[in-house]
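# A look at the structure
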Amino acid sequence: MRPPPKARWWGGATLGAAFLMANSSIGPGFLTQTTVFTQQLLTSFGFVILVSVLLDIGAQLNTWRILTVSELRAQDLSNQLLPGLGYFLAAMVILGGFAFNIGNIAGCGLGLNVLTGLSFEQGAIISCAVALLLFWVQEIGKMLDGFTKILGTVKILLTLGIAISAHPPVLQALHHTLLPVKVSAASIVTIVGGTVGGYITFSGAHRLLDAGIKGPDHQAEVTRSALSGIVISTVMRFVLFLAIVGVLSHGAVLDKDNPAAGVFRSAAGEVGFRVFGVILWSAAISSVVGAGYTSVSFFKTFHPVFARYERVCISVFIVLSTAVFVLVGKPAQLLVLAGAVNGLILPIALAIILIAATNRRLMRGYRHPRWMLAAGWVVVLIMGGLSVPVLVEQVSGLLR
């Protein structure tokens, strides 16, 4: 029997999985959502980030630990818990991932439009070609690890530069992060759903399973990887939040159609606007890659042909997302509804994983810590309680 692979840090899949999850959660929707909610809550949005981080920890640590110890992907663990349950979970995640990938492709088109003046459709098609090239030029795992690390680092450094230029009220932001003036349930559901909802919850854990980092012996590496992913996405969230607060505190009025671009332009003029183009394209293309890889990982174990032709399946997923955007345009109603569903997927999926964690047969004799189970169920109850009213409200708004 071959010994389990030793996880390396910067050069290996452990950090690659962290960046894959973080980059998937920092897509084009993240830039817009953070800008919109910061305009509404100002420095109190820091509290939303804090709450989302705590919920992220409860969701991610449980999901990554349970899946890697069981050595099963989420859909396979669900099917073994209750036959057919894995197909239900896979359908939810894949449909949600596809809907969001249309938005990711749209973000690619907008990013290249800002940088080059190309039309949104031309930018989307070029970005689709880039994503396909990335999957076909080398082994998928190595590409994901290297690509996500580079783009994740670029996004954080560029946004940090804009935040410094914006001169944000840091002390006031920190104060209201702990003691907010106002709170929004919708913002918590949207931000948590956008950072760990849907396919994002499973992206890092499935990457570790593909890399052979699994079993009880790798608990330390898995925990470190999960926490690293949360830290990376949190740093990006907070830096962007500070940039927005800085711009707003100096009286800037943001463009309603593209508020995130207004932040960068107000902070650093035309240079800032071009930087926004780079950040938006980086965020979008990395999310396209993450959504394609993770969505396909949810059905590639259902039949050997899917695993054998994984690249083809990912390519079809990305091409179809691009075709819908180019032919139909950005389906705003679908994306709004998908956002609400994404937030609802989290408590459903996490509840399934937590129930499976109590099955000693599925967990190969491993006993999951009670405090982690308790933390996970707290996330399920909070997100379930918040998500249902928000989903009902958004569906009602679409029907009116």
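The structure displayed is predicted, hence computed values, not measured ones. (Residues numbered from 1 in each chain as written. Predicted model: local features only at pLDDT ≥ 70, side-chain atom pairs only at ≥ 80, totals over all residues. Heavy atoms only, no water.)

A separate point is the confidence of the model for the chain. The predicted coordinates of low-pLDDT regions are not to be read in fine detail. Mean pLDDT over the chain: 84, with 89% of residues reaching 70 or higher. Helix H15 (residues 332-357) is the least confidently modelled element of the chain, averaging 76 in pLDDT, while helix H8 (residues 170-178) averages 93, the highest of any element. Contacts of residues 1-11 to residues separated by more than four positions or lying in other chains number 20 contacts, the stretch itself having pLDDT below 50. (pLDDT = per-residue confidence, 0-100. Helix = DSSP H or I, 4+ residues; strand = E, 2+ residues; numbered from the N terminus. Contact = heavy atoms within 4.5 Å.)

This paragraph deals with the nonpolar core. Soluble globular proteins: nonpolar side chains tend toward being buried together. Core analysis: the largest hydrophobic core is formed by 89 residues, its most contacted members being Phe45, Trp64, Leu77, Phe202, Phe241, Phe298 and Ile318. Sort the elements by how many residues they give to this core and helix H3 (residues 45-70) lands first, with 12 residues. Not counting chain neighbours up to four residues away, the residues in contact with phenylalanine 241 comprise Thr34, Thr38, Leu42, Thr43, Phe45, Gly46, Ile49 and Ala173. Counting residues in each nonpolar core, the second largest holds 32 residues, with Ala22, Ala243, Val263 and Leu280 among its members. (Core = buried A, V, L, I, M, F, W, Y, C linked by side-chain atoms within 4.5 Å. Buried < 20%, exposed > 50% of the residue type's maximum accessible area, 1.4 Å probe, protein only.)

Now for the packing of H3 against H8. Between H3 and H8, the shortest axis-to-axis distance is 7 Å and the interhelical angle comes to 55°. By the angle class used here, H3 and H8 are oblique. Like other packed secondary-structure pairs, H3 and H8 cross with a definite hand, here right-handed. Seen from H3, the contacting residues are Gly46, Phe47 and Leu50; seen from H8, they are His176, Thr177 and Leu178. Residues of the contact of H3 with H8, tallied by class, amount to 3 nonpolar, 3 polar and no charged. (Axes fitted to C-alpha atoms, helices over the stretch in contact; angles between N-to-C directions. Parallel < 35°, antiparallel > 145°, perpendicular 65-115°, else oblique. Left-handed = near helix turned anticlockwise from the far one by under 90°. Nonpolar A, V, L, I, M, F, W, Y, C, P; charged D, E, K, R; others polar.)

Okay, the packing of H3 against helix H10 (residues 200-210) next. How two helices pack is summed up by the angle between their axes together with the distance between the axes. Two numbers describe how H3 lies on H10: the axes approach to 9 Å, and their chain directions differ by 35°. Where H3 crosses over H10, the two elements pack in a sense that is right-handed. For the pair H3 and H10, contact is made by Gln60, Thr63, Trp64, Leu67 and Thr68 and by Ile200, Thr201, Phe202, Gly204, Ala205, His206, Leu208 and Leu209, respectively. Looking at the contact of H3 with H10 residue by residue, the classes come out as 7 nonpolar, 6 polar and no charged.

In terms of residue burial, H10 counts as a mostly covered element, since 10 of its 11 residues are buried. After H10 finishes, the residue glycine 212 shows a positive phi value of roughly 85°.

The next point concerns the environment of isoleucine 188. Of note, isoleucine 188 is situated in helix H9 (residues 185-196). Given a relative accessible area of 7%, isoleucine 188 falls into the buried group. Expressed as a C-alpha distance, the spacing of isoleucine 188 and phenylalanine 45, which sit 143 residues apart in the sequence, is 9.4 Å. Leave out the neighbours within four places in its chain, and isoleucine 188 touches Val48, Val51, Leu55, Val183, Gly193 and Leu386.

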